Amino acid sequence: GCCRLAVDMALRKRPVANEGSREALRPSLRALDLTLIGVGASVGSGIFVIIGAAVQPTGPAVCLSFAIAAISSVFSALCYAELAARIPETGSVYLYAYVAFGEFVA
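Residues numbered from 1 in each chain as written. Predicted model: local features only at pLDDT ≥ 70, side-chain atom pairs only at ≥ 80, totals over all residues. Heavy atoms only, no water.

### Brief notes about the overall build of the protein
Piece 1. Of the regular secondary structure elements, the protein holds five helices and zero strands.
Piece 2. For the protein, with 106 residues in total, the buried portion stands at 9%.
Piece 3. When contacts within the protein are restricted to residue pairs at least 6 apart in sequence, long-range pairs at least 24 apart make up 57% of them.
Piece 4. Accessible area of the protein: about 8700 Å², with a carbon and sulfur share of 69%. (Helix = DSSP H or I, 4+ residues; strand = E, 2+ residues; numbered from the N terminus. Buried < 20%, exposed > 50% of the residue type's maximum accessible area, 1.4 Å probe, protein only. Contact = heavy atoms within 4.5 Å. Areas by Shrake-Rupley, 256 points an atom, 1.4 Å probe, with all protein chains shown as cover.)

### Section: the pattern of salt bridges
Piece 1. One pass over the full model with this rule turns up one salt bridge.
Piece 2. Between aspartate 33 and arginine 30 there is a salt bridge whose closest N-O contact spans 3.7 Å.
Piece 3. Take aspartate 33: its relative accessible area is 22%, and that puts it in the partly exposed class. (Salt bridge = Lys/Arg side-chain N within 4 Å of Asp/Glu carboxyl O.)

### Some remarks on a nonpolar patch on the surface
Piece 1. There is a patch of nonpolar side chains on the surface, built from Val7, Leu11, Phe101, Phe104 and Val105 and spanning about 540 Å² of accessible area.
Piece 2. On the secondary structure map, leucine 11 appears in the loop between α1 (2–10) and α2 (31–44).
Piece 3. Owing to a relative accessible area of 46%, leucine 11 belongs among the partly exposed residues under this scheme. (Patch = residues over 30% accessible without salt bridge, like charges linked within 9 Å, V, L, I, M, F, W, Y side chains within 5 Å.)

### Some remarks on helix α5 (residues 93–101)
Piece 1. Considered for burial, the residues of α5 that qualify are Leu95, Tyr96, Ala97, Tyr98 and Val99.
Piece 2. Looking at the buried residues of α5, the elements they touch are α4 (61–86).
Piece 3. At the C-terminal side of α5, glycine 102 shows a positive phi close to 105 degrees.

Below you can see the structure in the form of structure tokens.
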């Protein structure tokens, strides 16, 4: 009944469009967007300051933790690339989650 309809709507998946129906991308970044990207890059460089603070109490274990983080990042990038190759639309993590898991998860 009503519960079944709600579950079906929550778990429905978006169909993947054909490759021939791609739309052209339009530039949409404004000056504020570009400024915020620059600020984010500057804040991201703070990781190098944290390394200097973390090395003193932990020693060489910092290198090991960065190696583990690098391996984790590689696996994450490979998963994202696999999704991008399987779904022929230009999209984001939201689109990939919507196609793979349905509306409720996305």
